[in-house]
Amino acid sequence: MDSLLEAAREAIDAAYAPYSEYQVGAALLTADGSVFTGCNIENANYSNSLHAEDVAIGSAVRAGHRDFERLAVSTAARDGVTPCGKCRQTLSEFCGADFVITCEGADEPVEYRLGDLLPTTITKSHLEE
C-alpha cells in the first residue's frame, strides 16, 4: 500500500466531525520527503471548519515548506472524495497543474492532476494586472 495514502488514513482518526460525521484525512509530501498530515476540524457554524487538506498545507508551510510533491486524501467512507474548490485553490498557490492528488475510492485509489481538477485558477498574476 502507498505510504502517503496510509498516512492520510491514519489522520482520519484525529478528525473532529461531530456535525457531519464525515471524517477526512490528508497527507502532503514535500520536496524533501517530509510528510505533513491533516484532518477535518468542524465548527458548529460550518464556515469556520477546517478541511484536512488545509490543515496539512498549513502545517507544512508553518514548518517552512513551499515545494510539494503529492497529496493523498482519504475518508472514513472510502468514497473517492477529491479536494473541494477552496482546497484546490490553496494547492494552486504552491503547486503546478501537474501536481498529483491521490484519492482513495472504495476499490482502489484514483490519481488526478491539479490542473484537471482546477483548470482555471486565480494566480498571483491576476492580482498584478
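On a predicted model such as this, the values are computed, not experimentally measured, just so you know. In every chain, residue numbers begin from 1 and rise along the written sequence. For a predicted model such as this one, the threshold for reporting local features is a pLDDT of at least 70, and the threshold for listing and counting side-chain atom pairs is 80 or more; totals across whole chains, interfaces and linings nevertheless cover every residue. Values shown for side chains rest on all heavy atoms present in the structure; no hydrogens or waters enter the calculation.

With that settled, the discussion passes to helix α3 (residues 85–94). The rule is simple: take the accessible area with a 1.4 Å probe, protein chains only, and divide by the maximum for that residue type; under 20% is buried, over 50% is exposed, in between is partly exposed. Under the DSSP-based scheme used, a helix requires at least four consecutive residues in state H or I and a strand at least two consecutive residues in state E, with every element numbered from the N terminus. For α3, the set of buried residues is Cys87, Arg88, Leu91 and Ser92. Along α3, the residues classed as buried sweep out an arc of 145° about the axis, all on the same side. By the convention used here, residues are in contact when the closest approach between their heavy atoms is within 4.5 Å. On the buried face of α3, the contacting elements are α2 (52–62), β3 (68–75), β4 (100–104) and α4 (114–117). The arc in question is traced by the directions running from the helix axis to the C-beta atoms.

So, on to the nonpolar core. For the purposes of this section, nonpolar cores are sets of buried Ala, Val, Leu, Ile, Met, Phe, Trp, Tyr and Cys residues that join through side-chain atoms within 4.5 Å. With 18 residues, the main nonpolar core has Leu28, Leu71, Leu91, Phe99 and Ile101 as its most contacted residues. Taken together, the elements giving at least two residues each to this core come down to β1 (24–30), α2, β3, β4 and α4. Counting residues in each nonpolar core, the second largest holds six residues, with Leu5, Ala8, Ala27 and Ala72 among its members.

On to the packing of aromatic side chains, then. Ring pairs are drawn from Phe, Tyr and Trp, using the six-membered ring of Trp, whenever the two centres fall within 6.5 Å, and their geometry is named by plane angle: stacked under 30 degrees, edge-to-face over 60, tilted for the rest. The tally for this structure, following the rule as stated, stands at two aromatic pairs. With a centroid separation of 6.2 Å and 65° between ring planes, the pair formed by tyrosine 19 and tyrosine 46 is classed as edge-to-face. Here tyrosine 19, found in the loop between α1 (3–12) and β1, pairs with tyrosine 46, found in the loop between β2 (35–39) and α2; they are 27 residues apart in sequence, far enough to count as distant. In this structure tyrosine 19 comes out as partly exposed when scored by relative accessible area, which is 41%. With 5.6 Å between their ring centres and 70° between their planes, phenylalanine 68 and phenylalanine 94 make a pair best called edge-to-face. Placement of phenylalanine 68 in strand β3 and of phenylalanine 94 in helix α3 is noted, with a sequence separation of 26 residues between them. Overall, phenylalanine 68 belongs to the buried group, its relative accessible area being 9%. In this structure phenylalanine 94 comes out as partly exposed when scored by relative accessible area, which is 28%.

Of note, arginine 88 is situated in helix α3. Positive charges are assigned to Lys and Arg, negative charges to Asp and Glu, while His and the chain termini are left out of the count. For this analysis, a salt bridge means a side-chain nitrogen from Lys or Arg found within 4 Å of a carboxyl oxygen belonging to Asp or Glu. We note that arginine 88 is buried and unpaired, the nearest opposite charge coming from glutamate 53 at a distance of 7.9 Å. Once residues lying within four places of it in the same chain are set aside, the contact partners of arginine 88 are Thr82, Pro83, Leu114, Leu117 and Leu118.

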